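Inside the fold
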Amino acid sequence: MAKRVKKKRTVSKKKKARVQKTGFHLKDWYPAIGVFIFGFLLYANTIGHDFVLDDDIITRKNTFVSEGFGGLKDIFTHGYLYGFNGANDQSYRPLILANMAIETQLFGQNATTHHFFNVLIFAFSAVILFFFLSKAFRDKPLWLPLSITLLFVAHPIHTEVVANIKSRDEILSFTFGIATLLFVLKSALSEQNKYLYYGLVSYFLCVLSKETGLAVLGLVPFTLFFFTKDDFKQIGKTTAAFAVVAALYFIIRSSVMDSMTFEENMSPINNGLMAAESAGERFATNVSIMGRYLKLLLFPHPLSYDYSYSQIPIIGFGDFRFFLSLLAYIGLAVLAVLGLKNKNPISFGIILYVVMLILVSNFITPVGATMAERFIYSSSLGFCLILGVLLVNWFKVGDQDLLKAPTLFLATLGVILSLYSAKTNMRNMDWKNSETLYSSGLVTASNSARAHNHYASHYRELLENNPNHPNRTAIATDAINHYKRALEIFPEYSEASYNLGVLYYTMGQTDSALIAYENTLSFAPNYLNALNNSGVIYFERGDYNTALARWSKVIEEDPNNAQGLGNIGAIYQNSGNYNEAIQYYQRALSLNPNNPNMLGNIIKCYNDIGQPDQAKIYQDRLNQLRR
């Protein structure tokens, strides 16, 4: 019997080309690996950087993170700031804190580890981005998704996010957000529900990283509209599924936190728009800020870690900056609408830019900053997408083979990437440590009160930790001048005024210190540290009545203030009222049992009233503490 030969299956060229474009094959991984290496090497010079700015919020000074695995439960059941300052409000970002806790458990609490993972995750996110763009532009030359990805990786506007440990939340949110869109596309193109489920999980992780990731919900329908053949009914069903995830996030967040909003009376030092005298001024200034974002995307120089009051001036409707910005966004809106009919990718880029920026734009609700480069980390993808499309179209790049691209296209892209990379490399060094960062702020944010306060406070802390510093006087004088400059810019800047008092006291200038504290209390009467420190000076001068009044107000505002309780105890001890002093010391030690000064004071009190046995109990505790 003749052997039956199995007929070989053939695939038409048209079908074969289509199959190659809808899946990920080995050829897709070569550029993906290149993108990863490029992203990692570009930011490798940040791995050895120190903790800077507000990194401590999620690292060394966060109780839950310091506990490693032991803090994970508390991380997921409390607000973002609770482990740092006990405030259970504003934000719920457990994923970044869990990241830091795991790294701390496995590698210890050090900046190098956290910076390394920042760079690693950033490079990985670039790979996810390339695959998403390859899927979206599956019928376009491979240079299109690759060039967009390279432009995004290299753009200097991202240095704040990658070089700042605290901004891991932005990297994670972006990574999971792009993964969400990738899974949405794969689900629609393959008609396999498993990818939709992966997308829902990824979206949930996106919003757990940072609440601004909620905006990805707005990109889901546009992604399906521009890059698939799904009808509006199917797009609505898919979008509704992600809306359920967003609702679940809000339910969890509201059950965990005491409040989900920023304080109503936000200070201009936190958000300069609060200094506007009218709603019109606030609107006009905010529109001009949107123009500043466009300018930084087009020409990323100078870059600054701070845009606080009054680096960005308050303007009105008659200012040309308002008109230019308004016209620019009207033009973008027109282009976006006109591109909907033929699904122009430039239209998608504009929509992506606006959707990802809107939640941090200060238009919907005031956020904790006037402006920040980290705010346009995700939305900058829209700009890079538009730039990539323009380059590919202008130079008529039409071949899938990366090696056959027009020479002029490669040269132009190479020049842009080289300039971006050079700026990124230089800007990374500003984030090396507090000294380099705050010094850069004096140049790029010379009109910011906060920038001057940060710079002065860095050197004040240096003197506090190095009392015998050879340049002590010169450093103190420089710091004092910058505190004064901060107060010139914003006279009611309580933090700068208080810090000035601390520096004066450190330098032994108690009269000047007291003036600074009193100035602080004149516009911030409940500033606890100023109340406490001014009380210390009055106590040292023997003015116990004024000192008692100051510390009593501290306890009135914060009944569990151990320092205030201990200071009141010292007044009663010096006045010979030992029993009253002991009561205050006991209350203070119940809150802070390892304070050696209070332990020494309560020991003296018990000895003075003839109770050596009680004194011995506290002496044993003090001896154990000193071992």
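We now turn to the structure provided with this report. Quick caveat, the model's predicted, so the values are computed rather than measured.

About the cut-offs
- Residues numbered from 1 in each chain as written.
- Predicted model: local features only at pLDDT ≥ 70, side-chain atom pairs only at ≥ 80, totals over all residues.
- Heavy atoms only, no water.
- Core = buried A, V, L, I, M, F, W, Y, C linked by side-chain atoms within 4.5 Å.
- Buried < 20%, exposed > 50% of the residue type's maximum accessible area, 1.4 Å probe, protein only.
- Contact = heavy atoms within 4.5 Å.
- Helix = DSSP H or I, 4+ residues; strand = E, 2+ residues; numbered from the N terminus.
- Expected span 1.5 Å × (residues − 1).
- Arc of directions from axis to C-beta.
- Salt bridge = Lys/Arg side-chain N within 4 Å of Asp/Glu carboxyl O.
- Phe/Tyr/Trp six-rings, centres within 6.5 Å; stacked < 30°, edge-to-face > 60°.
- Lys NZ or Arg CZ within 6 Å of the ring centre and 35° of its normal.
- Axes fitted to C-alpha atoms, helices over the stretch in contact; angles between N-to-C directions.
- Parallel < 35°, antiparallel > 145°, perpendicular 65-115°, else oblique.
- Left-handed = near helix turned anticlockwise from the far one by under 90°.

Let's shift gears to the nonpolar core. Grouped together as the largest cluster of nonpolar side chains are 129 residues, with contacts concentrated most on Leu151, Tyr293 and Phe409. Non-local contacts of Leu151, meaning those with residues more than four positions away in its chain, are made with Cys384, Leu387, Gly388, Leu391, Leu413, Ile416, Leu417 and Tyr420. If you look at the next biggest cluster of nonpolar residues, it comprises 62 residues, including Ile480, Leu503, Ile555 and Ala615.

Because the α-helix completes a turn every 3.6 residues, residues three or four places apart line up on one side. Counted at 1.5 Å a residue, the expected span for helix 25 (residues 544-557) with its 14 residues is 20 Å, and the 20 Å between its end C-alpha atoms agrees. Every buried residue of helix 25 is accounted for by Ala547, Arg550, Trp551, Val554 and Ile555. Along the long axis of helix 25, the arc covered by the buried residues comes to 140 degrees, so they all point the same way. Among the exposed residues of helix 25, those pointing more than 90 degrees away from its buried face are Asn545 and Glu556. On its buried face, helix 25 is in contact with helix 23 (510-523), helix 24 (528-540), helix 26 (562-574) and helix 27 (578-591).

With that settled, the discussion passes to the pattern of salt bridges. Within this structure, the stated rule accounts for 15 salt bridges. One salt bridge connects Arg550 with Glu518, and the closest N-O pair in it is separated by 3.0 Å. Taken together, the residues span a long stretch of sequence, with Arg550 in helix 25 and Glu518 in helix 23 at a distance of 32 residues. By relative accessible area, which is 25% here, Glu518 ends up partly exposed.

For Phe36, the location among the structural elements is in helix 2 (residues 26-42). Phe36 sits in the partly exposed class, given a relative accessible area of 27%. Here Phe36 is in contact with Leu120, Ala123, Phe124 and Val127, once residues within four sequence places are set aside.

The way to describe two aromatic rings as a pair is by their centre distance and the angle between their planes. Tallied over the full model, the rule gives 40 aromatic pairs. Aromatic pair Phe137 and Phe227: ring centres 5.4 Å apart, planes at 80 degrees, arrangement edge-to-face. You can see Phe137 sitting in the loop between helix 7 (111-136) and helix 8 (143-154) and its partner Phe227 sitting in helix 12 (residues 216-227), a full 90 residues away along the chain. Here Phe137 and Phe227 have matching classes, each one buried. Measuring from centroid to centroid gives 5.2 Å for Phe317 and Phe322, while their planes differ by 70 degrees, and the two rings are edge-to-face. The structure contains a cluster of three or more aromatic residues connected by ring pairs, namely Phe137, Phe225, Phe226, Phe227, Phe232 and Phe348. Between the NZ or CZ atom of Arg93 and the centre of the ring of Tyr80, over which it lies, the distance is 4.7 Å.

Our focus in this paragraph is unusual backbone geometry. The omega angle of the peptide bond from His301 to Pro302 is -5 degrees, so this bond is cis rather than trans. Tracing the chain through its elements places Pro302 in the loop between helix 14 (279-298) and helix 15 (320-338). In this structure, Ser310 follows Tyr309 across a cis peptide bond, with omega equal to -5 degrees. Residue position: Ser310 is located in the loop between helix 14 and helix 15. Not every positive phi belongs to a glycine, and Lys343 is a case in point at roughly 55 degrees. Residue placement: Lys343 occurs in the loop between helix 15 and helix 16 (345-358). A relative accessible area of 32% means that Lys343 is categorised as partly exposed. Of note in the backbone geometry, Lys396 takes a positive phi value of approximately 55 degrees without being a glycine. Within the fold, Lys396 resides in the loop between helix 17 (380-394) and helix 18 (407-430).

Turning our eyes to something else, we now look at the environment of Phe38. Structurally, the position occupied by Phe38 is in helix 2. Remark: the alpha-carbon pair of Phe38 and Leu150, spanning 112 residues in sequence, is separated by 8.1 Å. Apart from residues no more than four positions distant in its own chain, Phe38 is found in contact with Leu150, Val153, Ala154 and Ser421.

To continue, consider the packing of helix 26 against helix 27. In the contact formed by helix 26 and helix 27, the axes pass within 8 Å of each other and the chain directions differ by 165 degrees. Judged by the angle between their axes, helix 26 and helix 27 are roughly antiparallel. As helix 26 packs across helix 27, the resulting crossing turns out to be left-handed. Contact residues: helix 26 offers Ala562, Leu565, Gly566, Ile568, Gly569, Ala570, Tyr572 and Gln573, while helix 27 offers Tyr578, Glu580, Ala581, Tyr584, Tyr585, Arg587, Ala588 and Leu591.

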